[in-house]
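Descriptive structure summary
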Amino acid sequence: MLFTHDTDVALAAAAALVNTMPGSVPGDGDPDRLTSLEELESLYRDQGWTGRFDRDAAELAAVRALRPRLRCFWDEDEAGVVTLVNELLAEARAVPQLVDHDDVGWHVHATPSDAPLARRMAVEAAIAVIDVVRAGELARLRVCEAADCDDVVVDLSRNRSRRFCEGGCAARAHTAAYRARRAAHA
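These lines cover the structure that appears in this document, whether it is placed above or below. (Residues numbered from 1 in each chain as written. Predicted model: local features only at pLDDT ≥ 70, side-chain atom pairs only at ≥ 80, totals over all residues. Heavy atoms only, no water.)

Brief notes about the pattern of salt bridges
This model, assessed by the stated rule, comprises 14 salt bridges. Between glutamate 87 and arginine 69 there is a salt bridge; the shortest N-O distance is 3.6 Å. Residue glutamate 87 is located in helix 4 (residues 78-92), and its partner arginine 69 is located in helix 3 (residues 57-75); the two are separated by 18 residues in the primary sequence. On the basis of relative accessible area, arginine 69 is assigned to the partly exposed category, the value being 28%. A salt bridge links arginine 160 to glutamate 137; the nearest nitrogen and oxygen atoms lie 2.6 Å apart. Here arginine 160, found in the loop between strand 4 (152-154) and helix 6 (169-185), pairs with glutamate 137, found in the loop between helix 5 (117-134) and strand 3 (141-143); they are 23 residues apart in sequence, far enough to count as distant. Accessibility expressed as a relative area gives 41% for arginine 160, which makes it partly exposed. (Salt bridge = Lys/Arg side-chain N within 4 Å of Asp/Glu carboxyl O. Helix = DSSP H or I, 4+ residues; strand = E, 2+ residues; numbered from the N terminus. Buried < 20%, exposed > 50% of the residue type's maximum accessible area, 1.4 Å probe, protein only.)

Examining the state of the cysteines
Following the criterion strictly, the structure yields zero disulfides and no others. Of the cysteine sulfurs around cysteine 149, a residue in no disulfide, the closest is that of cysteine 165, at 3.7 Å. There is no disulfide at cysteine 165, and the cysteine sulfur nearest it, in cysteine 169, is 3.6 Å away. Given a relative accessible area of 8%, cysteine 165 falls into the buried group. (Disulfide = S-S within 2.5 Å.)

Description of the packing of aromatic side chains
For the structure shown, the criterion picks out one aromatic pair. Ring geometry for tyrosine 44 and phenylalanine 53: centres 4.0 Å apart, planes at 5°, overall stacked. (Phe/Tyr/Trp six-rings, centres within 6.5 Å; stacked < 30°, edge-to-face > 60°.)

Remarks on the packing of helix 1 (residues 5-18) against helix 5
Interhelical geometry of helix 1 versus helix 5 gives an angle of 120° and a closest axis separation of 8 Å. Between helix 1 and helix 5, the crossing angle belongs to the class labelled oblique. Where helix 1 crosses over helix 5, the handedness of that crossing is left-handed. Judged by residue contacts, Thr7, Ala10, Leu11, Ala14 and Leu17 of helix 1 engage Met121, Glu124, Ala125, Ala128, Val129, Asp131 and Val132 from helix 5. Tallied by class, residues from the contact of helix 1 with helix 5 come to nine nonpolar, one polar and two charged. (Axes fitted to C-alpha atoms, helices over the stretch in contact; angles between N-to-C directions. Parallel < 35°, antiparallel > 145°, perpendicular 65-115°, else oblique. Left-handed = near helix turned anticlockwise from the far one by under 90°. Contact = heavy atoms within 4.5 Å. Nonpolar A, V, L, I, M, F, W, Y, C, P; charged D, E, K, R; others polar.)

Spatial relationships are all this shows, so hold off on functional conclusions.
Structural data, given as structure tokens:
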């Protein structure tokens, strides 16, 4: 285990949130996957979020507005990432505390459970990225290597070998490589 459980979970949740953004590759057809309260509720549930959940348009708008900021964790250099971490924590007036609930064991919360969802998402991502930066492992936050994908990846593999997102890009890349090898031998 490279990072603590709560860091792994927060990084995965941040990546999942960022990956709901529409693709930035012109004409790629990758739709926005966070346009409705139902999609927000699904993200909330799938990522195991707890605490306040208003299920309203204002909350949806705040969470959607957070996505481009969190994407910077994958796009910026270390100095830019550190600046963003510090901004997010200062804006939220984060106060880290050890908590133990839901049989997870001791972990860090830096906002109260009744804080707005977007604030909790921002702070949990920032706290997790602190661990990544301190460990000198920022290269584990990368963008999918598929030519037609710009989803983000959190590489928690031992040998830093994860190259593709969870959207099926690895299978498509392997199939294309196989077909290219077959065509070359034919």
